[in-house]
Amino acid sequence: MDKAVLNVIDGDYGLVSLDVACIQAVLYATLNDVPVEINVQNSIKSCALYSAPSYKCGSVAIDKFEAMVGHWRKTHGDPDRGLSAKEASETLALVNLVTMKLKPVLEFLYWVDQRNSEEFINRWFMRALPFPFNYAYTKRRKNEALQLIETMYPLDTDMEVVKEFITKTATQCLSTLSTRLGKAKFFYGDAPMTVDVVVYAHIAPLVKLPFPSSDIPSLLSMWPNLSEFVKRVDSRYFPDVKREAKYLPSETATRQNDDEVSYMAIFILVVSATSLVVGFAMKRGMIRFSSLY
């Protein structure tokens, strides 16, 4: 029997991946008991041969989450099979809502927001992916995000104005999801389905990632049931995923390193200044070696 492999971007901060599509693929395969080997793209060979996410099993090669779902439903069953026609229609509407509304929010947060991109996301991917794929990946993803935002807001060039629209969109979408979830464990009962996979993949980064510019992620505090939903999925399917940062130092460590650099810089400046003063004094005859003995 051919070995099935799911290629994904690595995870961090309690996420199985920092890529939303990869999170969807891993969670769907996990809850639907799809036997796959997770291959993290942290080598030149894996990055050169496969995109992420991508599924490979024998002659079957798929690089889109939607196509993976279609294939896995045929080979390993459909987690949504118990839904009524009305519920199936509502599921489709919710998935489309998240894809149309929350995906642009995450694209903006990851790649368009200058502070998040420069101080966090770019730095993380530059360390998580091997050279030269780290440069190619970050450049491609940034261009794709900019094209998406420019398509959605073609008349606005001021990113602060765009951010206001993005914030409004996020607020409306999160409010709708929170209302629909209510006090239930998952969107349709006690077991997660496809809609839960899509919602989790788009909300978990907002809950877990330490975005420097965090005004949009902080909106989640208004809907605690969504944060609890993320914790519920984690405890059931990803209990062993560590929350500690793997590729970037913590804020405290960074601050300590900055302090160490500052102290060293001050020491070098003091030594240099002292040397210049002593040299000047010796040149002027103000200090003689004989006077030191």
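This section reports on the structure supplied with the text.

Conventions we followed
- Residue positions are given per chain, counting from 1 as you read along its sequence in written order.
- Note on the predicted model: pLDDT of at least 70 is required for a residue's local features to be given, and 80 or more for side-chain atom pairs to be given and counted; whole-chain, interface and lining totals, by contrast, use all residues.
- Working from all heavy atoms in the structure, the side-chain values ignore hydrogens and water.
- Counting from the N terminus, the helices are the DSSP runs of H or I reaching at least four residues and the strands are the DSSP runs of E reaching at least two.
- Classification of residues uses two cut-offs on accessible area relative to the type maximum, computed with a 1.4 Å probe and protein chains only: under 20% is buried, over 50% is exposed, and between them is partly exposed.
- Contacts are residue-level and defined by heavy atoms, with any inter-residue pair within 4.5 Å sufficient.
- Per-residue accessibility takes into account occlusion by the displayed protein chains alone, with areas from the Shrake-Rupley method and a 1.4 Å probe.
- If DSSP finds at least two bridges between two strands, the strands pair.
- The axes used here are C-alpha line fits, helices contributing only the stretch in contact, and every angle between their N-to-C directions lies in the interval 0 to 180 degrees.
- Think of a polar contact as two N or O atoms within 3.5 Å of one another; within protein, one of them needs to be a possible hydrogen donor and the other a possible acceptor, and neighboring residues in sequence only count if both atoms come from side chains.
- We call two directions roughly parallel when the angle between them is under 35 degrees, roughly antiparallel when it is over 145, roughly perpendicular when it lies between 65 and 115, and oblique otherwise.
- Residues are grouped as follows: Ala, Val, Leu, Ile, Met, Phe, Trp, Tyr, Cys and Pro are nonpolar; Asp, Glu, Lys and Arg are charged; every other residue, Gly included, is polar.

1. Things to note about the overall build of the protein chain
When helices and strands are tallied, the protein chain shows ten helices and four strands. Counting from the amino terminus, the protein chain carries its helices and strands in the arrangement β-α-β-α-β-β-α-α-α-α-α-α-α-α. Buried residues in the protein chain amount to 41% of all 293 residues. Relative to all contacts within the protein chain whose residues are 6 or more apart in sequence, the contacts with residues 24 or more apart total 75%. Carbon and sulfur atoms make up 57% of the accessible area of the protein chain, which amounts to about 16,400 Å² in all.

2. Focus: the sheet that holds strand β2 (residues 37–40)
On the basis of which strands lie adjacent, the open sheet formed by four strands has the order β2-β1-β3-β4 and mixed pairing. Two strands close off the open sheet at either side, each with one partner strand: β2 and β4 (60–62). Put simply, the sheet's adjacent strands are angled 15° from each other on average, direction ignored. Pairing geometry for strand β1 (residues 4–8) and strand β3 (residues 54–57), over four bridges, is antiparallel. Considered in β3, the bridge of L6 is made with Y55.

3. Here's the deal with the side chain of T194
With respect to the helices and strands, the residue T194 is situated in helix α8 (residues 194–208). Within the structure, the side chain of T194 is placed 2.8 Å from the side chain of D80, a separation counted as a polar contact. Non-local contacts of T194, meaning those with residues more than four positions away in its chain, are made with Y28, R73, P79 and D80.

4. What to know about the packing of α8 against helix α9 (residues 224–237)
Following both chains from N to C, one finds α8 and α9 inclined at 110°, their axes separated by 9 Å at the closest point. As summarised for this structure, α8 and α9 are arranged roughly perpendicular, according to the angle between their axes. Only L226, S227, F229, V230, V233 and D234 of α9 make contact with α8, whose side of the interface consists of D196, V199, Y200, I203, A204, V207 and K208. Split by residue class, the contact of α8 with α9 holds nine nonpolar, one polar and three charged.

5. Quick notes on the packing of helix α4 (residues 85–112) against helix α5 (residues 114–128)
The N-to-C vectors of α4 and α5 enclose an angle of 80°; their axes lie 6 Å apart at closest approach. Classified by the angle between their axes, α4 and α5 sit roughly perpendicular to one another. Where α4 approaches α5, its residues L109, Y110, W111 and V112 are matched on the opposing element by Q114, N116, S117, I121, N122 and F125. Counted by class, the contact of α4 with α5 contains six nonpolar, four polar and no charged residues.

6. A short note on the environment of T75
Relative to the helices and strands, T75 resides in helix α3 (residues 65–76). In this structure the C-alpha to C-alpha distance between T75 and V34, which are 41 residues apart in sequence, comes to 8.8 Å.

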